[in-house]
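If you want the building blocks of each chain, they are given just below.
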Amino acid sequence: MNVLNKLPLLPYAAGQAFLQGITVLDLTTSIAGPYGTQLLADLGAEVIKVEKRDGGDDARQWGPPFLDGESLWFISANRNKSSLTLDLLREEGRKILHDLVRQADVIVMNTAVRVQTKLGLDHETLQALNPALIHASITGFGLGGAGADLPCYDLIAEGYAGIMDLTGEADGPPQKIGTPASDLLAGQDAALAILAALFRRQQTGKGTRIDISMVASSTRFMASRIVPYLGSGTVPKRSGGTDSVLAVYQVFDTADYPITLGLGNDAIWQRFWKAVGQPEFGARAELDSNTKRCAARPQVVAAIAELLATRSRAEWLALFAQHRIPAGPINTLEQLVDDPLLQADQMLFNVQGPAGPVPQVGLGIRFDGGNAVARRAPPMLGEDTERILRERLTMSDACIAALKNMDVI
């Protein structure tokens, strides 16, 4: 079965207009930068994706899987954007970019200062062209210091920030999270910082230099594990997610499929035991606080594990939903796509691309009750080059043809 057929084909809409009138030049590749600029595009900004003539964004080559020749990783982070191809190693290409910078509100890139300076993309050069420009950089270790020139990917950042060391089973090796968490965190930080800079610019008229470090974003992501270590000296160890500060908060097997269960406070603890027909267990004085339950964690976990093994996942989840006990399935992606709650919210959908339906994951945020964001599919490489040059820089057909002949665009 074609999985695309499971998703509704949604029409393009006006989407969100919070950033309408804001122009973003996106010079980033891979996931972190494109994800951040997609967030801005979903909120209404016009995002012009400036790509290499040969191959474009690195993520366009990431696959399989591909859909109609396009990388599905690329498709996941580039909707609502235009694509302009430009050779920035050529003086003519840099001049075009500088002309666009004079009109832009934001520029985002994921290159080190050394490369930015070489190409005339550094903050000082571009601020001279447009003092109100917001200049955002996403790099592995930040723009300054000993790590400024070090390359970085999500894998490196997750390992560096301790995420991998605390992910996995106690007797297993460190594991990467199953999604590019460090990329997505850095991209989200970039979008957040740009929104803050736009707000300040509205008040002062001044631009901002934004420096996003993937490792710094990932380190902040670990704050809830780092701070307890700093305050107690106790080094957390990976445990397959069974060492939460809450007791109980982990995965349990049922008679067929595993579930997650979070008994996060005393009231939920007592509701759980009433729901399963053992209110006396929930009322035991030696287990009447989270601190006491943590001290008795092995015994508590054993009791719950023995109980949950007696019935199926579906039976337990229905019972827990009835009694408002936090629990859920461990979905595969196949199951997630079929989830009725997500389907009702149209969180997963198709849009019409040049060659057919293109799958998308929604923004997941409602504004005044609406969550529509899709204005256009992820662009084909260079799809908008001529239109942008005509509309934004008033170039003639002859000038555009000359740039093509010189391999600038």
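See above for the structure.
Residues numbered from 1 in each chain as written. Predicted model: local features only at pLDDT ≥ 70, side-chain atom pairs only at ≥ 80, totals over all residues. Heavy atoms only, no water.

A. Inspection of the overall build of the protein at higher detail. Helix and strand content of the protein: 18 helices and 13 strands. Seen through its principal axes, the protein has C-alpha atoms that stretch 85 × 50 × 40 Å. A total of 409 residues make up the protein; the buried ones form 46% of that total. For the protein, the proportion of contacts with a sequence separation of at least 24, taken over those separated by at least 6, is 70%. By element, 57% of the accessible surface of the protein is carried by carbon and sulfur atoms, the whole surface being about 20300 Å². Positive and negative side-chain charges of the protein, numbering 38 and 45 respectively, have mean locations separated by a distance of 4 Å. (Helix = DSSP H or I, 4+ residues; strand = E, 2+ residues; numbered from the N terminus. Buried < 20%, exposed > 50% of the residue type's maximum accessible area, 1.4 Å probe, protein only. Contact = heavy atoms within 4.5 Å. Areas by Shrake-Rupley, 256 points an atom, 1.4 Å probe, with all protein chains shown as cover. Lys, Arg positive; Asp, Glu negative; His and termini not counted. Charge placed at Lys NZ, Arg CZ, Asp CG, Glu CD.)

B. Spotlight on the sheet that holds strand S5 (residues 81-85). The strand order across the open sheet formed by 6 strands is S5-S2-S1-S6-S7-S8, and the pairing between neighbours is parallel. The two strands at the open ends of the sheet, each matched to only one other strand, are S5 and strand S8 (208-213). Strand-to-strand twist across the sheet, computed as the mean angle between neighbouring axes with direction ignored, equals 20 degrees. The pairing of strand S7 (residues 134-139) with S8 spans 6 bridges and is classified as parallel. Bridged to Thr139 within S8 is Ser213. Helix H17 (residues 385-393) contacts strand S1 (23-26), strand S2 (46-51) and S5 of the sheet and is inclined by roughly 95 degrees relative to S5. (Pairing = 2+ DSSP bridges. Axes fitted to C-alpha atoms, helices over the stretch in contact; angles between N-to-C directions.)

C. Representation of a nonpolar patch on the surface within the structure. A surface patch of nonpolar side chains, amounting to about 300 Å² of accessible area, comprises Tyr153, Leu155 and Ile156. Inspection of the secondary structure assignment puts Leu155 in helix H6 (residues 154-160). (Patch = residues over 30% accessible without salt bridge, like charges linked within 9 Å, V, L, I, M, F, W, Y side chains within 5 Å. Salt bridge = Lys/Arg side-chain N within 4 Å of Asp/Glu carboxyl O.)

D. Here's a closer look at the environment of Val47. Along the polypeptide, Val47 turns up in strand S2. A C-alpha to C-alpha distance of 6.0 Å links Val47 and Leu25, two positions 22 residues apart in sequence. Those residues in contact with Val47, other than ones at most four positions away along the chain, are Val24, Asp26, Thr37, Ala41, Lys81 and Ser82.

E. Quick look at the side chain of Glu70. Relative to the assigned elements, Glu70 resides in strand S4 (residues 70-71). What makes Glu70 buried here is its relative accessible area of 16%. At 3.2 Å, the side chain of Glu70 and the side chain of Arg60 are in polar contact. In contact with Glu70, other than residues within four places in its own chain, are Arg60, Ile75 and Met380. (Polar contact = N/O pair within 3.5 Å; in protein donor to acceptor, adjacent residues only side chain to side chain.)

F. Highlighting the nonpolar core. Judged by nonpolar contacts, the single largest core of 30 residues is most densely connected at Val24, Val106, Ile138 and Ile194. Taken together, the elements giving at least two residues each to this core come down to helix H1 (32-42), strand S6 (106-109), S7, helix H7 (181-204), S8 and helix H8 (214-221). A total of 6 residues in this core trace back to one element, the largest contributor, which is H7. Ignoring sequence-local partners within four residues, the contact set of Ile138 consists of Ala32, Gly33, Val108, Met109, Asn110, Thr111, Ala186, Ala190, Ile212 and Met214. Counting residues in hydrophobic clusters, the runner-up holds 26 residues, among them Leu27, Ile48, Leu121 and Ile409. (Core = buried A, V, L, I, M, F, W, Y, C linked by side-chain atoms within 4.5 Å.)

G. Molecular detail of the packing of helix H10 (residues 266-275) against helix H13 (residues 297-308). Relative to each other, H10 and H13 sit at 35 degrees, their axes nearing to 12 Å. Note that H10 runs across H13; the crossing there is left-handed. The segment H10 lies against H13, with Trp269, Phe272 and Trp273 engaging Val300, Ala303, Ile304 and Leu307. Its residues assigned to classes, the contact of H10 with H13 shows 7 nonpolar, no polar and no charged. (Left-handed = near helix turned anticlockwise from the far one by under 90°. Nonpolar A, V, L, I, M, F, W, Y, C, P; charged D, E, K, R; others polar.)

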